[in-house]
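# Structural overview
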Amino acid sequence: MSLPTHRPILALAPMQDVTDLPFWRLMACYGGADLYYTEYFRVHPDSHLEKPILRSLDENPTGKPAIAQMIGNDIPSLVRSAKELQKHPVVGIDLNLGCPAPIVYKKCAGGGLLREPARIDAILGALRDAVSCAFTVKTRVGFESEHEFDTLLPIFQKHAIDLLTVHGRTVKQMYRPGVHANLIALAAREMPCPVIANGDVFTAADAHKWMQETAVAGVMIGRGAIRNPWIFDQIRGSSDTGVTGRDLLGYIHDLYETVTTPNTNELAQVNKLKKYINFVGTGLPRADEFLHSIRRVTNRSAFFQVCFDHLDHSEPAFSHQGADCGSE
Ligand SMILES: Cc1cc2nc3c(=O)[nH]c(=O)nc-3n(C[C@H](O)[C@H](O)[C@H](O)COP(=O)(O)O)c2cc1C
């Protein structure tokens, strides 16, 4: 397998503790992405490739290409890990230049590296030499300010990377509104490789808007896919019916069965589900009420009762079926 050659490329975003092997399988059952990214492998001088993440690659159930993502800043360790990862079924190796968690960026990894362009230059050069499959980068547009992208873009252009994903926010912006569409469009114009837009795609209309306004090769979707796994088919036009409350209820049942381990503590199962349900609940018409109730449940039957109370209907499930959800 290789990177998709058709357009648009629809990618499932890497999401730590979310996009593991069972979740990939679930997404594939609902239509699925064209390209899958692993959660990041933490890379440092003492690191070993995390076995559960390797399993996603070795047993990739999606039938679609997968890219292994790394986070770190130590060049020998990154080169070593990239070489090891290429022994597994990957079409590409990705470097994370966007993680906004202070615990990561304070160590000058993920989004923290955006403060040190010379270091990025050196890392990309070393990794380009070490990676014989596709070498890809996922970046934010700057650390403090979007003006930093003027310095970053020439570095990305220099290293013959095969695919660039741009999350159009700065690290300091975290997830606040204001995705810089103009900078994604700039990258799509100036980069010699395909560019994928990322940030706030919650509906097919959002994705089509991105593709028209920025001429990117595709979109990467994170939270929008947790909320609405039909989104990839909706973008493709192969699923034109809206998602009803009952459809969503069915998905939440599937999600529960997929991400929890049977015969484990029920409270732990419910708490695990709450992490996903946060992303689902924010899209519902009575989001505050739903989330308030769901945060208080402590067992499976109470969890599904709240879901049933809000979603046992044949009306559109989400308050924004086709509207823009906050991207600039
Ligand atoms: C729970 C969660 C975990 C994430 N983990 C990663 C990660 O491991 N690697 C990465 O590059 N981005 C990670 N991200 C960022 C997403 O890949 C994506 O860039 C971001 O959510 C914006 O896209 P969206 O608006 O479609 O969600 C994570 C995001 C979330 C919400």
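The rules behind each value
Residues numbered from 1 in each chain as written. Predicted model: local features only at pLDDT ≥ 70, side-chain atom pairs only at ≥ 80, totals over all residues. Helix = DSSP H or I, 4+ residues; strand = E, 2+ residues; numbered from the N terminus. Buried ≥ 20, exposed ≤ 12 C-beta atoms within 10 Å, placed from the backbone. Contact = placed C-beta atoms within 7 Å. Expected span 1.5 Å × (residues − 1). Bend = angle between axes of the 7 residues up to and from the residue. Domains from an automatic or database assignment. Nonpolar A, V, L, I, M, F, W, Y, C, P; charged D, E, K, R; others polar. Pairing = 2+ DSSP bridges. Right-handed = clockwise from strand over helix to strand, strands pointing away.

Counting its secondary structure elements, the chain contains 14 helices and eight strands. Considering only C-alpha atoms, the chain reaches an extent of 55 × 45 × 35 Å along its principal axes. Within the chain, the proportion of its 328 residues that are buried is 45%. For the chain, contacts bridging at least 24 residues in sequence account for 74% of all contacts bridging at least 6.

Right, let's get into helix 12 (residues 266–281). Given a rise of 1.5 Å per residue, 16 residues ought to cover 22 Å, and the 21 Å separating the end C-alpha atoms of helix 12 matches this to within 8%. At Lys275, helix 12 shows its maximal kink, close to 35 degrees. Buried within helix 12 are the following residues: Val270, Leu273, Ile277, Val280 and Gly281. Where the residues of helix 12 are buried, they touch helix 9 (223–227), helix 11 (245–259), helix 13 (287–296) and helix 14 (300–311).

Moving on to the domain arrangement of the chain. Here the chain is partitioned into domain 1 (9–236) and domain 2 (245–311). Computed over C-alpha atoms only, the centres of domain 1 and domain 2 are separated by 28 Å. Contacts between the two partners involve eight residues from domain 1 and, on the opposite side, nine residues from domain 2. Contributions of two or more residues to the side of domain 1 that touches domain 2 are made by helix 1 (21–29) and helix 9. Considering only residue class, the side of domain 1 that touches domain 2 consists of six nonpolar, no polar and two charged.

Let's shift gears to the pairing of strand 7 (residues 195–198). Two faces belong to every sheet, and in a regular strand the side chains alternate between them. Burial of the side chains of strand 7 extends over both faces: Val195 and Ala197 are buried on one face and Ile196 and Asn198 on the other. Judged from the four bridges that link them, strand 6 (residues 163–170) and strand 7 form a sheet pairing that is parallel. Bridge assignment links Val166 to a residue of strand 7, and that residue is Ala197. Regarding the hand of the β-α-β motif, the stretch spanning strand 6, helix 7 (residues 181–190) and strand 7 is right-handed. Relative to strand 8 (residues 218–221), strand 7 runs parallel, the two sharing three bridges. Across the sheet, Asn198 pairs through a bridge with Met220, a residue of strand 8.

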